[in-house]
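Per-entry structural report
Chain by chain, the residues run as shown.
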Amino acid sequence: GYKLRTFSEHVDEEELVWHRDKNDREIKILEGVGWQLQMDNEEPVEIVEGYSYSINKMEYHRLIKGSDTLVLRIVEV
């Protein structure tokens, strides 16, 4: 299974905090422009609609707000 997660362009940046997840995750970008993903000790990278990104369990990461609504499909692996 998977989860759909939506972030509004109006989301308070305080909600987009550094965090870690308990499981490995595969994130597919379904919609969103200008959003960035930052992994621990790395520069932020712009995430691209249609692309998938892997996040290892217990790895710190955060989202940086873009210019419209972000929709993700999250699969725990």
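Report on the accompanying structure. What you see as residue numbers is a count from 1 along each chain, following the sequence as written. Local features in a predicted model are, by the rule used here, given only for residues with pLDDT of at least 70; side-chain atom pairs are given and counted only at 80 or more, and totals for whole chains, interfaces and linings are based on all residues. The side-chain quantities take in all heavy atoms of the structure and omit both hydrogens and water.

Some remarks on a negative patch on the surface
Together, Asp12, Glu13, Glu14 and Glu15 line one region of the surface with negative charge. Buried means the residue's accessible area, taken with a 1.4 Å probe over protein chains only, is under 20% of the maximum for its type, while exposed means over 50%, and partly exposed covers the values in between. Residue class for aspartate 12 comes out partly exposed when judged on its relative accessible area of 41%. Note on patches: the residues involved have over 30% relative accessible area and no salt bridge, like charges join within 9 Å, and the nonpolar side chains Val, Leu, Ile, Met, Phe, Trp and Tyr join within 5 Å. Using the Shrake-Rupley algorithm and a 1.4 Å probe, accessible areas are obtained, with residue cover drawn only from the displayed protein chains. Any Lys or Arg side-chain nitrogen found within 4 Å of a carboxyl oxygen on Asp or Glu counts as a salt bridge. The charge count includes Lys and Arg as positive and Asp and Glu as negative, but it does not include His or the ends of the chains. In this description, the location of a charge corresponds to atom NZ of lysine, CZ of arginine, CG of aspartate or CD of glutamate.

Digging into the nonpolar core
Counting residues in hydrophobic clusters, the biggest one holds 15 residues, and the most contacted among them are Trp35, Ile47, Leu63, Leu70 and Leu72. For this core, the secondary structure elements donating two or more residues are strand S2 (25–31), strand S3 (36–39), strand S5 (52–55) and strand S7 (70–76). When residues of this core are assigned to their parent elements, the largest contribution, three residues, is made by S7. For our purposes a nonpolar core is just a set of buried Ala, Val, Leu, Ile, Met, Phe, Trp, Tyr and Cys residues, chained together by side-chain atoms within 4.5 Å. Only DSSP runs of H or I covering at least 4 residues are called helices, and only runs of E covering at least 2 are called strands; the numbering of each starts at the N terminus.

Overview of the layout of surface pockets
A cavity, in this analysis, means grid points on a 1 Å lattice covering only the protein atoms where a 1.4 Å probe fits yet has no way out; a pocket is instead an open set bounded by protein on both sides within 12 Å along at least five of seven lines, and a residue lines either one if it has an atom within 4 Å of a point. Grid points are joined across faces, edges and corners, and a volume is the space filled by probe spheres set on the points. Approximately 340 Å³ is the volume found for the largest pocket. Along the wall of the largest pocket there are 20 residues; nearest its centre are Arg5, Phe7, His19, Leu63 and Leu72. Listing elements by their share of the lining of the largest pocket, those giving two or more residues are strand S1 (3–7), S2, S5, strand S6 (61–64) and S7. Of the residues assigned to the lining of the largest pocket, the class counts are 13 nonpolar, three polar and four charged. Just so you know the grouping, Ala, Val, Leu, Ile, Met, Phe, Trp, Tyr, Cys and Pro go in nonpolar, Asp, Glu, Lys and Arg go in charged, and all remaining residues, Gly too, go in polar.

Focus: the pattern of salt bridges
For the structure on display, the rule yields two salt bridges. Residue aspartate 21 pairs with arginine 25 through a salt bridge whose shortest N-O separation is 3.6 Å. The pair formed by aspartate 21 and arginine 25 is uniform in burial state, with each residue classed as buried.

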